[in-house]
Amino acid sequence: MPPPDTMYCAQQINIPPQLPDILKNFTKAAIRTQPKDLLLWSAAYFTALFKGEHLPVKDRLEMNVATQKTDTGLTPGLLKTLHKQLSPRQTCSKEELQKKWRGLCLPMDQLETLLSLGSFGLDINWMDFFALGCSALGGTLMSSLKFACEILTEDEEGGAARIPFCTFVQLYTYLAQLDGDMPQDRISSFLSSLQAQVELQGGMIKPLDFIHRVDMDSAPPDSLNFSRATSRAE
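Model, not experiment: these values are computed from the prediction.

Quick notes on the rules
Per chain, residues are indexed from 1 in the order of the written sequence. The predicted origin of the model limits local features to residues at a pLDDT of at least 70 and limits the giving and counting of side-chain atom pairs to 80 or more, whereas totals for whole chains, interfaces and linings rest on all residues. Water and hydrogen atoms were dropped before computing side-chain values, which therefore reflect all heavy atoms in the structure. A run of DSSP states H or I qualifies as a helix once it reaches four residues; a run of E qualifies as a strand once it reaches two. Both are numbered from the N-terminal end. Whether two residues are in contact is decided by their heavy atoms: any pair within 4.5 Å suffices. Exposure was quantified through the Shrake-Rupley algorithm and a 1.4 Å probe, taking into account, for residues, occlusion by the shown protein chains and nothing else. Residues enter patches when they are more than 30% accessible in relative terms and free of salt bridges; like-charged ones are connected within 9 Å and nonpolar ones (Val, Leu, Ile, Met, Phe, Trp, Tyr) within 5 Å. The term salt bridge refers to a pairing of a side-chain nitrogen on Lys or Arg with a carboxyl oxygen on Asp or Glu at a separation within 4 Å. A simple rule labels every residue: compare its accessible area, found with a 1.4 Å probe on the protein chains alone, to the largest value its type can have, and call it buried under 20%, exposed over 50%, or partly exposed in between. Side-chain atoms within 4.5 Å are what join buried Ala, Val, Leu, Ile, Met, Phe, Trp, Tyr and Cys residues into a set we call a nonpolar core. How far a helix is expected to stretch is found by multiplying one less than its residue total by 1.5 Å. The arc refers to the directions leading from the helix axis to the C-beta atoms. Polar contacts here mean pairs of N or O atoms no more than 3.5 Å apart (in protein, one a potential hydrogen donor and the other a potential acceptor; neighbouring residues in sequence count only if both atoms are side-chain atoms).

Got a sec to walk through the overall build of the chain? Specific residues and values, please.
Regarding its fold elements, the chain presents 10 helices and four strands. For the chain, long-range pairs separated by at least 24 residues make up 60% of all intrachain contacts whose partners lie at least 6 apart in sequence. Accessible surface, the chain as shown: approximately 13400 Å² in total, 56% of it carbon and sulfur.

Pasting the structure below:
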């Protein structure tokens, strides 16, 4: 006598009614995110879905950075995804960051470079790491902060890209202090020069308020080797 769970026809297979929507959403997410390793990313996607966590999915499709002159591995869309995954608790463990980073198929050597540059321990202040991530994208201090505004803003895409000035101060101060050649009085002077415009904007700042200050456009920490160190091999 055959065991009771033997299947004789397709009608005996119970397909959950939610499955078509799950597969459709998964397909859309894969197209938007374009993971380098689909199997690795899929495992991260369904694990996050099962746990009710933020999915490792970009908001929109980005241009293939592999065709650009410099390919850092990290992109604005991927950094924004990491921010959504890790920012709610303000701090995250190194292990958790490594897991989320790997789930987005980013090069682990780039992560180790950023962790070493920031001298992070087992517990990581997320906004400090986020600032270094923006530096990996930007190449200069001002362009790094521009990326930060564009990633963090709640304005519509293509808008002013405003963020709270207190957040800008935190990011700028961290990156500037990490650069040993940036004196504290220069940091304070720059922030003070923005204060009047910020007050007119209800405590918000946008890239146009600071991006043209060429005299303050200092290179980020270890800038001579930073882009090279954080690039992934093609």
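Help me get a handle on a nonpolar patch on the surface, residues and values and all.
Together, I13, I15, L19, I22, L23, F46 and L49 make up a nonpolar patch on the protein surface, roughly 580 Å² of accessible area in all. Counting residues per element, the ones that place at least two in the nonpolar patch are α1 (19-33) and α2 (38-51). Sorting elements by how many residues they give to the nonpolar patch places α1 first, with three residues. If you trace the backbone, F46 turns up in helix α2. Given the relative accessible area of 32%, F46 is considered partly exposed.

Quick one: what's the story with the nonpolar core, residue by residue and with numbers?
In this structure, L97, W126, F129, F130, F168, Y172 and F210 are the most contacted members of the largest nonpolar core, which totals 49 residues. Among the elements of the structure, α3 (76-86), α4 (94-103), α5 (108-117), α6 (126-138), α7 (141-152), α8 (165-178) and α9 (184-200) are those that each provide at least two residues to this core. Of all the elements, α6 adds the most residues to this core, at nine residues. In terms of nonpolar packing, the next biggest core, distinct from the first, is built from seven residues, F26, A30, W41 and C105 among them.

Before we move on, could you go through α2 and cite the residues and values that matter?
Taking 1.5 Å per residue as the helical rise, α2 with its 14 residues ought to reach 20 Å, and the 20 Å between its terminal C-alpha atoms agrees with that figure. Those residues of α2 that sit buried are W41, S42, Y45 and A48. End-on view of α2: buried residues confined to an arc of 135°, all on one side of the axis. Among the exposed residues of α2, those pointing more than 90 degrees away from its buried face are L39 and F50. Check the buried side of α2 and you find it contacts α1 and α4. N-cap assignment for α2: the residue whose side-chain oxygen lies 3.2 Å from the backbone N of L39 is D37. Two residues or fewer past α2, G52 is found with a positive phi of approximately 75°.

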